[in-house]
Number of protein chains: 2
Amino acid sequence: MERGSRPYRPAFPEPFARVVEALRRLPGIGSKTATRLAFHLLLSSDEERAVLTGALETLTSQLVPCRDCRNIVERDPGNPESPLRCTICRDPARDRAILIVVEDIQTLYSLEKSREFRGLYHVLEGRLSPLEGISPDKLRIRELLDRLNDPEIKEVILATSPTTDGEATALYLSRLIKPLGIRVSRIAFGIPVGLEIEYVDEITLIRAVEGRHPF
Amino acid sequence: MERGSRPYRPAFPEPFARVVEALRRLPGIGSKTATRLAFHLLLSSDEERAVLTGALETLTSQLVPCRDCRNIVERDPGNPESPLRCTICRDPARDRAILIVVEDIQTLYSLEKSREFRGLYHVLEGRLSPLEGISPDKLRIRELLDRLNDPEIKEVILATSPTTDGEATALYLSRLIKPLGIRVSRIAFGIPVGLEIEYVDEITLIRAVEGRHPF
């Protein structure tokens, strides 16, 4: 057998190889990590594996999108088809005058971690992308506009990514929302907190200069 | 709410938190990675998740230990209870005179990756550890001695870890095997290949000096 430039991998028995392959498809998991995890799972007890498979099997069956913001919320076992509102939308302490538009639930939870934002959310479930065929009707834009009928809402903050598609999405939304007499703002782009300024790319740097504020 | 030194984690809905927690128990997976993977799985299709859960569910039901060496081997669907021999033990091209004793299946596959070792294996399924209550009867030592009845076997290489427990296991096995008139050897310890010598600890260094060979 000739040695190639790729490391040789001995053939695992098929049921084991299938687990390695399924794990390797997860983001950030390479062959080596997938194999290590598969060996761990192989040597785990049936109960330990059942905890993982059981959790995965009920992941989406027990979760529904929040009726208002599309955050995830646990299904009501007594009434599985009823549309539910998430803990944030139900929280009477939240500021109902401010709504922040995010692309995904991850960003929602990142913002929640800061414990600084006290308004409500709206999850778009993506961003406009002509190249990937993601047109406005693929996103939760109609639901957003429906929510903006609520006279309590005074400001919408657009927190889509600082990418071409994210910027286009923000621009598109701002044009829809401004005519409604609601204040529209865009999150600031600049130097990430804690980062040495010399490592920051020039586009971020000029955005930080443009976004300067009085000291 | 007071800010502690640990980062605040917003409460996820229970079915989602359960997946994060199950993933976090895997080796080398922290909270952040577990959350990232859980979001990926949440947004995956039912089919994609089923590939993973299906593979996990058949992982041990379809695998049995090799009758000879305890490597994993796929169960025979036609005869699920029959004891099977793994592809290595069945391979007529392997050198049946040399048997290498390893602690676990991972080490077996690491050695297979090198494509240099052509003998057979024996997986101990652990190493002796008085502190953890692992006595000789907890390991596959009786099975090893049974195999050594085969007059074809001329040498046993002990490839347990260079730790106190691994060394004790090797010593214990060598005392059992030597009286059988079989050559017993221990794998060499020294400088890992490719590592700058200045980064090697002094114990490894002195073992490398002790294990020197003519140039």
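A. Fine view of the state of the cysteines. Residues and elements named next belong to chain A. All told, the structure shown has 0 disulfides over all chains when counted by the stated rule. Free of any disulfide, Cys69 has its nearest neighbouring cysteine sulfur in Cys86, separated by 3.7 Å. A relative accessible area of 1% means that Cys69 is categorised as buried.

B. Examining the nonpolar core more closely. The biggest cluster of nonpolar side chains holds 78 residues, and the ones touching the most others in it are Phe16, Leu23 and Leu42 of chain A together with Phe16, Leu23, Leu42 and Tyr121 of chain B. Residues contacting Tyr121 of chain B, with those up to four places away along its chain left out, are Cys69, Ile88, Arg94, Leu99, Ile100, Val102, Leu108, Leu111, Glu112 and Arg147 of chain B.

C. Molecular detail of the pattern of salt bridges. All names here are of chain A. Per the counting criterion, the structure on display carries 28 salt bridges over all chains. Here Arg140 makes a salt bridge to Glu143, at a shortest N to O gap of 3.0 Å. We classify Arg140 as partly exposed; its relative accessible area is 24%. A single salt-bridge network, built from bridges that share partners, covers Arg70, Glu125, Arg140 and Glu143.

D. Inspection of the environment of Glu143 of chain B at higher detail. Residues and elements named next belong to chain B. Structurally, Glu143 can be placed in helix H6 (residues 141-147). Between the C-alpha atoms of Glu143 and Arg67, which are 76 residues apart in sequence, the distance is 9.4 Å. Of note is the side chain of Glu143, whose polar atom sits 3.0 Å from the side chain of Arg140.

E. Region of interest: the pairing of strand E4 (residues 120-123) of chain B. Residue and element names in this part refer to chain B. Burial along E4 is two-sided: Leu120 and His122 facing one way and Tyr121 and Val123 facing the other are all buried. With 4 bridges joining them, strand E3 (residues 98-102) and E4 adopt parallel strand pairing. If you follow Ile100 over to E4, its bridge partner there is Tyr121. In this fold, E3 hands off to helix H5 (residues 105-114), which returns the chain to E4; that crossover is right-handed.

F. Structural view of the packing of aromatic side chains. Applying the stated criterion across every chain yields a total of 12 aromatic pairs over all chains. Where Phe12 of chain B meets Phe16 of chain B, the ring centres are 4.9 Å apart and the plane angle is 65°; that geometry is what we call edge-to-face. Neither Phe12 of chain B nor Phe16 of chain B differs from the other in exposure class; each is buried. Aromatic ring contacts, followed pair by pair, group Phe12, Phe16 and Phe39 of chain A together with Tyr109 of chain B into a single cluster.

G. Looking closely at the interface of chain A and chain B. Taken residue by residue, the interface counts 52 residues in chain A and 52 residues in chain B. Counting across the chain A and chain B interface gives 0 salt bridges. Where chain A packs against chain B, one counts 6 residue pairs in polar contact (both at pLDDT 80 or more). It is helix H3 (residues 46-59) of chain A that provides the largest number of residues to the side of chain A that touches chain B, a total of 10 residues.

H. Focus on the layout of surface pockets. Counted as a void, the largest pocket has a volume near 570 Å³. Lining the largest pocket are 15 residues; nearest its centre among them are Leu111, Ala159, Ile187, Ala188 and Phe189 of chain B.

What counts, and at which threshold
Residues numbered from 1 in each chain as written. Chains lettered and ligands numbered in written order. Predicted model: local features only at pLDDT ≥ 70, side-chain atom pairs only at ≥ 80, totals over all residues. Heavy atoms only, no water. Disulfide = S-S within 2.5 Å. Buried < 20%, exposed > 50% of the residue type's maximum accessible area, 1.4 Å probe, protein only. Core = buried A, V, L, I, M, F, W, Y, C linked by side-chain atoms within 4.5 Å. Contact = heavy atoms within 4.5 Å. Salt bridge = Lys/Arg side-chain N within 4 Å of Asp/Glu carboxyl O. Helix = DSSP H or I, 4+ residues; strand = E, 2+ residues; numbered from the N terminus. Polar contact = N/O pair within 3.5 Å; in protein donor to acceptor, adjacent residues only side chain to side chain. Pairing = 2+ DSSP bridges. Right-handed = clockwise from strand over helix to strand, strands pointing away. Phe/Tyr/Trp six-rings, centres within 6.5 Å; stacked < 30°, edge-to-face > 60°. 1 Å grid on protein atoms, 1.4 Å probe; cavity = no way out; pocket = protein on both sides within 12 Å on 5 of 7 lines; lining within 4 Å. Points joined across faces, edges and corners; volume = space filled by probe spheres on them.

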